[in-house]
Every structure is written in C-alpha cells, then in structure tokens.
Amino acid sequence: MVAEYSVWQQGVEVNYAALCEEKKDGLHILRLMGQTSVVYIPQMIDGYEVKVIGEYCFSARNNCKNRTSDNDWEKMEKLARDRGMNELSGDYVEQVILPDSVHELCSYAFYNCRKLKCIEFGRSLDIVNNDAFMNCMGLSVLMVRSRAEEPTGAQYFLKQLNKGIELKYVDDGNTCGSFYYSEYTESYEEIGPAHIFQMDVQGEGYRARQLFNDGAVDAVRYDAVFDAAKALESIYTLSKMAVGRLQYPVKLADEARTAYTQFLKGNIENVLEWIVKEQRIDIIESFVQENILDEKELDTALKLAGKCGWTAGSASIIELGSRFAQKMKKSRYEF
C-alpha cells in the first residue's frame, strides 16, 4: 500500500509518501518519499501503527529490494513527482526521527546513507538487525527520548557502530544525559595451524559500549573507563567524554567530576579548538559556570572564533567575558 501524510516541521508543512506493508505486528515502512532531508515518521499512518523499518528502506534505489507491487511503486513515484518530493535515501538523508512505536530496524535499513548525521528514536526500539547502519560514515549522534536512568535499546545501536558517536538522552524536549563513545577497531589473528582466530580490539570505546545494566547506561562504570582511556584516546575523544558528563551529570560522583575537570583544564587550548570549530557556545558557557575557563582562556576562545569567522560566537564570548569580569570585580570586594 502507498500512504500519504503531512507533518509540520519548523513551521512548514512537509509532505511524504510511504510504501508500506501491513503485518500482524503493525505497519512496516519499506520506502519513503519526502520534501526534506530531515525525515519525520509519525506513529500512525492511515490508522495503522508504525512498528518496523524494513530492509534497505533508506538505501540508494539500486539497492532497494522493497516492493509490494509495481503498481504501488509507480503510484508512489507519481505522488513524488506531483508534490515535489525526493527519494529519501542514500546521500540525501541527514536526520531521521522515528516514532515511539517503532521497535525494530531491519538489516541494511540505512545502508550507504553516508550523510546521515543523527537518528532519533524512542525507548521501545530494541531490535537492531545486522548491518542496519553499514557505511553510515557520518552518523555521529544517537538521540533517544528517555531519561538516562531508564532502559532503552541504545546499546543495540552502539554495537552496530564502531565510529566515535555521542549518545544523547532527551526528556520532554530537553537533553538530560550525554555519553561519548570513542572509535574502536577489530582485527582477527590466526593462532597456530588449527585455523583458530582470536579477535583483537583496540580502543576503550568497545569496553564502554558494554556498560549497560538491563538496558540502562551504567554511568558509574562509564566514568571508571576514563582513566584507562587517557593512555589510548585522543584529547578530542577524552574531552568529548568529559564535556558530556559535566554538562549532564547523571550519577556523577565527585571523584569523577574532579578527574574530568582537571583533564579539561590541563588541555584547555586543544579543547577550545574543537569547541569553537563546532560552534558550541553552550559548552563555553558551561565552562565559565564550572570555572574551567578564566579571562585569559576566554580571550583565547575569542581569537579562535575570529579566525574561523564565527561572528555570533564572538559576540557571545565577549558578553561572557564582560559578565566574568564583573563577577571577579564583585568577588574582590566581598569580605
């Protein structure tokens, strides 16, 4: 069947056409056409609850094997032409927002979506089949609508992804947890003439991905990985870990807070380079609040912002510097 739906996204009505298949467990999405690279799938389409994202659903057309019938496919393509829709696949897709009702991603669902940056999903998505994200080289953010203390299927996503990736928890539209998982590599070494292979894993990112308790992230054990990671990981990776935990301190012990803060202070110039490059004024603001930055380092951030042409950031940093100076002046005369 082919179904149409419309969604308001950033104040604009966006039209979609979906090739679907009704199954016992609900509606399976096989293919989508739409008008934006930020793809939104609603919980209900034509009175059916969306449950599964099918194989090769978002892959390039030449890989897609999802066809209910030639007539359905032709109908969907005609709708796309008439309404100015694009095929939501491959390099066109940048973000996908799945409804809470989806519980499964089939194999190769996002195959070759090289520009996919973020996927948002609900707590009930707990089946991620093999190679669902094969060749998704740009995927850097997983966003789950849940509190970090609650069980989700996030660990099943992480097991599919060995690149560096940030796991964000969002509750009622607000970020309430952030955990960065570093890249790791796998290799196999043959042992002796018996053709027995031993897997060798490089990088603390693999171990960190195992740290879940019944689906809920184990924040305490995650923090314990940091010390060992300092011998293996880059400053970028380590500071990503530290920033996420300090900004959203879910079950963050004082000892771990001190370790993260000291690391950032000890590498602040290198840390500021990527923060400014990614235009993260929210991190700079949190650094001021946590006393990680002083006036000199704010000036360094301002110079970096000027070099990369980040005008809005420069203005915000100047304002932060002004507030910081007033705070320091006030503290000198409080006794």
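Residues numbered from 1 in each chain as written. Predicted model: local features only at pLDDT ≥ 70, side-chain atom pairs only at ≥ 80, totals over all residues. Heavy atoms only, no water.

## A short note on the confidence of the model for the chain
- The predicted model of the chain has a mean per-residue pLDDT of 89, with 89% of residues at 70 or higher.
- Contacts from residues 328–335, a stretch scored under 50 in pLDDT, to residues over four places away or in other chains number zero contacts. (pLDDT = per-residue confidence, 0-100. Contact = heavy atoms within 4.5 Å.)

## Looking at the side chain of serine 59
- Relative to the helices and strands, serine 59 is located in the loop between β6 (48–53) and α1 (70–83).
- Look at serine 59 and you get buried, because its relative accessible area is 0%.
- Of note is the side chain of serine 59, whose polar atom sits 2.9 Å from the backbone oxygen of tyrosine 56. (Helix = DSSP H or I, 4+ residues; strand = E, 2+ residues; numbered from the N terminus. Buried < 20%, exposed > 50% of the residue type's maximum accessible area, 1.4 Å probe, protein only. Polar contact = N/O pair within 3.5 Å; in protein donor to acceptor, adjacent residues only side chain to side chain.)

## Observations concerning the nonpolar core
- Among the nonpolar cores identified, the biggest contains 86 residues, and Phe58, Phe110 and Phe133 are the most heavily contacted of them.
- Per-element tally for this core: the top contributor is helix α7 (residues 268–277), with six residues.
- Setting aside residues up to four positions removed in sequence, phenylalanine 110 forms contacts with Phe58, Val96, Leu105, Leu116, Ile119, Ala132, Phe133, Met134 and Cys136.
- Of all hydrophobic cores here, the second largest spans 10 residues; its members include Val2, Met33, Ala80 and Met85. (Core = buried A, V, L, I, M, F, W, Y, C linked by side-chain atoms within 4.5 Å.)

## Focus: the pattern of salt bridges
- Applying the stated rule across the entire model yields 18 salt bridges.
- Glutamate 278 is the salt-bridge partner of lysine 240, the closest N and O atoms lying 3.2 Å from each other. Highlighted residues: lysine 240 in helix α5 (residues 235–247) and glutamate 278 in the loop between α7 and α8 (281–289), separated in sequence by 38 residues.
- What makes glutamate 278 partly exposed here is its relative accessible area of 33%.
- The structure contains a network of salt bridges with shared partners spanning Asp100, Glu120 and Arg145. (Salt bridge = Lys/Arg side-chain N within 4 Å of Asp/Glu carboxyl O.)

## Let's talk about the sheet that holds strand β10 (residues 118–122)
- Strand order in the open sheet formed by six strands is β4-β8-β10-β12-β13-β14, and the pairing between neighbours is mixed. The open sheet has two free edges, formed respectively by β4 (38–40) and β14 (174–181), since each of these has just one partner strand. When strand polarity is set aside, the average angle formed by the axes of neighbouring strands in this sheet is 15°.
- As judged from the five bridges shared by strand β12 (residues 141–145) and strand β13 (residues 165–171), these two strands associate in the parallel manner. Bridging from a neighbouring strand, valine 141 pairs with glutamate 166 of β13. (Pairing = 2+ DSSP bridges. Axes fitted to C-alpha atoms, helices over the stretch in contact; angles between N-to-C directions.)

## Regarding unusual backbone geometry
- Positive phi outside glycine occurs at glutamine 279, with the angle close to 55°.
- Take glutamine 279: it is sitting in the loop between α7 and α8.
- Judged by relative accessible area, which is 45%, glutamine 279 ranks as partly exposed.
- The backbone of asparagine 291 shows a phi angle near 60°, a positive value even though the residue is not glycine.
- Relative to the helices and strands, asparagine 291 is located in the loop between α8 and α9 (295–307).

## Some thoughts on α5
- The end-to-end C-alpha separation of α5 is 18 Å, in line with the 18 Å expected for 13 residues at 1.5 Å each.
- Burial within α5 is extensive, with 11 of its 13 residues counted as buried. (Expected span 1.5 Å × (residues − 1).)

## What to know about the state of the cysteines
- Across all of its chains, the model carries zero disulfides by this definition.
- No disulfide involves cysteine 113; its sulfur sits 5.2 Å from that of cysteine 136, the nearest cysteine. (Disulfide = S-S within 2.5 Å.)

## Remarks on the pairing of strand β3 (residues 26–34)
- Counting buried residues in β3 gives nine out of nine residues, a clear majority hidden from the surface.
- Both strand β2 (residues 12–23) and β3 contribute to a ladder of eight bridges, which runs antiparallel. Bridge pairing in β3 places glutamate 22 opposite leucine 27.
- Where β2 folds back on β3, the antiparallel hairpin that results is connected by two residues.
- Across three bridges, the pairing between β3 and β6 is parallel. Residue pairing in the sheet places leucine 27 in a bridge with valine 50 of β6.
- Pairing of β3 with strand β7 (residues 86–87), which is carried by two bridges, proceeds in the antiparallel orientation.

## Focus on the packing of aromatic side chains
- Scanning the model with the defined rule gives 16 aromatic pairs in all.
- Judged by centre distance (5.7 Å) and plane angle (40°), the ring pair of phenylalanine 133 and phenylalanine 157 falls under tilted. Residue phenylalanine 133 is found in the loop between β11 (127–128) and β12, and its partner phenylalanine 157 is found in helix α2 (residues 154–158); the two are separated by 24 residues along the sequence. Summarising the burial analysis for this pair, phenylalanine 133 and phenylalanine 157 share the class buried.
- Aromatic pair phenylalanine 179 and tyrosine 222: ring centres 5.1 Å apart, planes at 90°, arrangement edge-to-face. Taken together, the positions of phenylalanine 179 in strand β14 and tyrosine 222 in helix α4 (residues 219–229) put the pair 43 residues apart, joining distant regions of the chain. A single burial state applies to phenylalanine 179 and to tyrosine 222, both of which are buried.
- Put simply, the rings of Phe58, Phe110, Phe121, Phe133 and Phe157 touch in pairs and so form one group of aromatic residues. (Phe/Tyr/Trp six-rings, centres within 6.5 Å; stacked < 30°, edge-to-face > 60°.)

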